[in-house]
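Read off the chains here:
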Amino acid sequence: MAIAEQNPDALTSAPPRMQSAGWVLASLSLATLLSSLGTSIASVGLPSLMQNFGATFQAVQWVVLAYLLAITTLIVSAGRLADMFGRRPLLLAGIALFTSASVLCGLAPTLWLLIAARAVQGLGAALMMALTLAFVAETVTKDRIGGAMGLLGAMSAIGTTLGPSLGGLLITGFGWRAIFLVNVPLGVLTFALAWRALPARNKTARLDRGTFDVVGTALLALTLAAYALAMTLGRGNFGTLNIGLLIAAGTGVFLFAAAQARVKNPLIRLASFRDLQLSASLAMSLVVATVMMATLVVAPFYLSRGLGLDAAMVGAVLSTGPLVSTLSALVAGRLTDRFGAHRMMVAGLLSLTTGTFLLSLAVTRFGIAGYVVAITVTCIGYALFQTSNNAAVMTGVDAGQRGVVSGLLNLSRNLGLITGASLMGAIFAVASAEGHEGIGLLSSEAAARGMQVTFQTATVLALAALFLALLSARATGRAESRAS
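Residues numbered from 1 in each chain as written. Predicted model: local features only at pLDDT ≥ 70, side-chain atom pairs only at ≥ 80, totals over all residues. Heavy atoms only, no water.

To continue, consider the overall build of the protein. Along its length, the protein carries 19 helices and zero strands. Considering the protein as a whole, with its 484 residues, one finds that 54% of them fall into the buried category. Taking the contacts inside the protein whose residues are at least 6 apart along the sequence as the reference set, 82% of them involve residues at least 24 apart. When the accessible surface of the protein is summed, it comes to about 20,400 Å², and 67% of that surface belongs to carbon and sulfur atoms. (Helix = DSSP H or I, 4+ residues; strand = E, 2+ residues; numbered from the N terminus. Buried < 20%, exposed > 50% of the residue type's maximum accessible area, 1.4 Å probe, protein only. Contact = heavy atoms within 4.5 Å. Areas by Shrake-Rupley, 256 points an atom, 1.4 Å probe, with all protein chains shown as cover.)

Core analysis: the largest hydrophobic core is formed by 80 residues, its most contacted members being Val 63, Val 76, Leu 114, Val 136 and Met 394. With 16 residues, the top contributor of residues to this core is helix H6 (residues 111-139). Residues Ala 294, Val 298, Leu 349 and Tyr 371 belong to the second largest nonpolar core, which totals 41 residues. (Core = buried A, V, L, I, M, F, W, Y, C linked by side-chain atoms within 4.5 Å.)

For the pair H6 and helix H18 (residues 402-432), interaxial distance at closest approach is 8 Å and the crossing angle is 130°. Classified by the interaxial angle, the pair formed by H6 and H18 is oblique. Judged by the sense of rotation from one axis to the other, the crossing of H6 with H18 is right-handed. Across from Met 129, Ala 130, Leu 131, Leu 133, Ala 134, Ala 137 and Glu 138 in H6, the residues of H18 making contact are Arg 402, Gly 403, Ser 406, Gly 407, Leu 409, Asn 410 and Asn 414. Classifying every residue of the contact of H6 with H18 by side-chain character gives seven nonpolar, five polar and two charged. (Axes fitted to C-alpha atoms, helices over the stretch in contact; angles between N-to-C directions. Parallel < 35°, antiparallel > 145°, perpendicular 65-115°, else oblique. Left-handed = near helix turned anticlockwise from the far one by under 90°. Nonpolar A, V, L, I, M, F, W, Y, C, P; charged D, E, K, R; others polar.)

A rise of 1.5 Å per residue sets the reference length of helix H10 (residues 214-232), with its 19 residues, at 27 Å; its end C-alpha atoms lie 27 Å apart and thus fit the reference within 8%. Every buried residue of H10 is listed here: Gly 216, Thr 217, Leu 220, Ala 221, Thr 223, Leu 224, Ala 226, Ala 228, Leu 229, Ala 230 and Met 231. Elements that come into contact with the buried residues of H10 comprise helix H4 (62-85), helix H11 (240-262) and H18. (Expected span 1.5 Å × (residues − 1).)

In an α-helix, one turn spans 3.6 residues; hence positions three or four apart end up facing the same way. Relative to the 21 Å expected for 15 residues at 1.5 Å per residue, helix H9 (residues 183-197) spans 20 Å between its end C-alpha atoms, a close match to the ideal helical length. When H9 is considered as a whole, its buried residues turn out to be Asn 183, Val 184, Leu 186, Gly 187, Thr 190, Leu 193, Ala 194 and Ala 197.

By secondary structure assignment, the location of Thr 457 is in helix H19 (residues 444-483). Sequence spacing of Thr 457 and Ser 360 is 97 residues, and the spatial spacing of their C-alpha atoms is 8.6 Å.

Taken together, the side chains of Leu 330, Val 331, Leu 335 and Phe 339 make up a nonpolar region of the molecular surface, amounting to roughly 310 Å² of accessible area. Residue classification places Phe 339 among the partly exposed residues on the basis of a relative accessible area of 37%. (Patch = residues over 30% accessible without salt bridge, like charges linked within 9 Å, V, L, I, M, F, W, Y side chains within 5 Å. Salt bridge = Lys/Arg side-chain N within 4 Å of Asp/Glu carboxyl O.)

So, on to the packing of helix H7 (residues 145-174) against helix H15 (residues 320-339). H15 packs onto H7 with a crossing angle of 175° between their chain directions and a minimal axis gap of 6 Å. Looking at the two axes, H7 sits roughly antiparallel to H15. Contacts from Ile 145, Gly 146, Gly 147, Gly 150, Leu 151, Gly 153, Ala 154, Ala 157, Ile 158 and Thr 161 in H7 reach Pro 322, Ser 325, Thr 326, Ala 329, Leu 330, Gly 333, Arg 334, Thr 336 and Asp 337 in H15. Taken together, the residues that form the contact of H7 with H15 break down as eight nonpolar, nine polar and two charged.

What follows is about the packing of aromatic side chains. If you walk through the whole model with that rule in mind, you get three aromatic pairs. Look at Trp 176 and Phe 180: their rings are 6.1 Å apart centre to centre, the planes differ by 80°, and that puts the pair in the edge-to-face class. Both residues of the pair, Trp 176 and Phe 180, count as buried. Here the aromatic cluster, defined as three or more aromatic residues joined through ring pairs, consists of Phe 53, Trp 176 and Phe 180. Cation over ring: Arg 88 sits above Trp 195, and NZ or CZ is 5.0 Å from the ring centre. (Phe/Tyr/Trp six-rings, centres within 6.5 Å; stacked < 30°, edge-to-face > 60°. Lys NZ or Arg CZ within 6 Å of the ring centre and 35° of its normal.)

Turning our attention to the environment of Ala 108. Note that Ala 108 resides in the loop between helix H5 (87-107) and H6. In this structure Ala 108 comes out as buried when scored by relative accessible area, which is 3%. In this structure, the C-alpha to C-alpha distance between Ala 108 and Arg 177, residues 69 residues apart in sequence, is 8.6 Å. Aside from chain neighbours lying at most four places away, what touches Ala 108 is Phe 53, Leu 113, Leu 114, Trp 176 and Arg 177.

What follows is about the side chain of Ser 406. As for its position among the elements, Ser 406 is in helix H18. Not counting residues within four places of it along the chain, the set of residues in contact with Ser 406 comprises Met 129, Ala 130, Leu 131, Leu 133, Ala 134 and Met 394.

It is worth stressing that arrangement in space is one thing and function is another; only the former is reported here.
Here it is, written out as structure tokens:
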């Protein structure tokens, strides 16, 4: 990877000996691994936490929710702060905060102190997630940015895949505290490498020093928290509380938009959404994440009930998707650099749509092979879309807005995952539970029927994302023709 010499934000006074994009990408990759590992590794520890603290599932689930809520509500604000005060110090602060909070999590004497520490850990993860994409756009030349985005995507997939298995081993050997303390040496290594490798801001480069939008930040955080809680509380069973939270979130959207229109230095410039490419990319990211969540929520029921696999086989087959995503992300980066982000975005969504359609067939007579082929096609498409979409957005954004836009990209993905977990789970439950006493008593036919309906819905959503990609590519082509 080569450093973009013409970039005013490129390094000039970085610490010595490591001023190369290779070392920068190594530090950013470790930061990406940390944040994704923090998301996935805690879930496997919930049964142990229930036993050790004598708590209910509803209480210990906040160990996961606090982390996700902190990321979701603060990631855009983290990007804005970095645009104002510099990305290097904010990213280093995020790594340090995540690592320190990991120590607190591992030493927490009570459940509620653990939950509070997880929220702080989520703030550190929000800073890391918001700034890794921005740093890639700042330090890597445009003809190599796809490969860099692919590497970050692969590291994210590795962290997500590694979390449950590593967490299970650590709990078995050392107890639940080890799943948090394992982040400490990795965090120290990431901080040391980032300190030496990350480029310092050029002293002549301009920062967006406007005042920080406190009101907008508070409104956005409350709005996102209300939506996330509406989608997660009740485990898919919508009640009065969920509806009330959705109404609060909808009201918050209007209040936030009104506040942004009135302040001189808004958290998010609403005019930026007039850019069709940015708006379409954020919408596609949300929709695709919603679709992909179905593979995590629905597939285990189909494999266990529909195909009759035992727990060990279910876990082995489910590992196919993350493995394909990891390997495909690296190849996707090279393809994006060679053929262009928009072409690969369309190609990725075509593959994703094909894969979800194959999954919607849910033909149990094809057994494991039928599922593996379909999920492979789906995950190849996802990796290709994610890499090319991130590359397209981050190469087209102004330097002073990279932090915010990076935060918005991650936010759209997180909201999609939250929405997918609730929406796809509800669709599967309704479609498969007809005539049955509950989802835990599913027959093979009911599981297959639920799989079919869920992924028919996913295919429609994937087609909508493909339509947006074609519109965006057409608009970009017209703009380039007028410019030439």
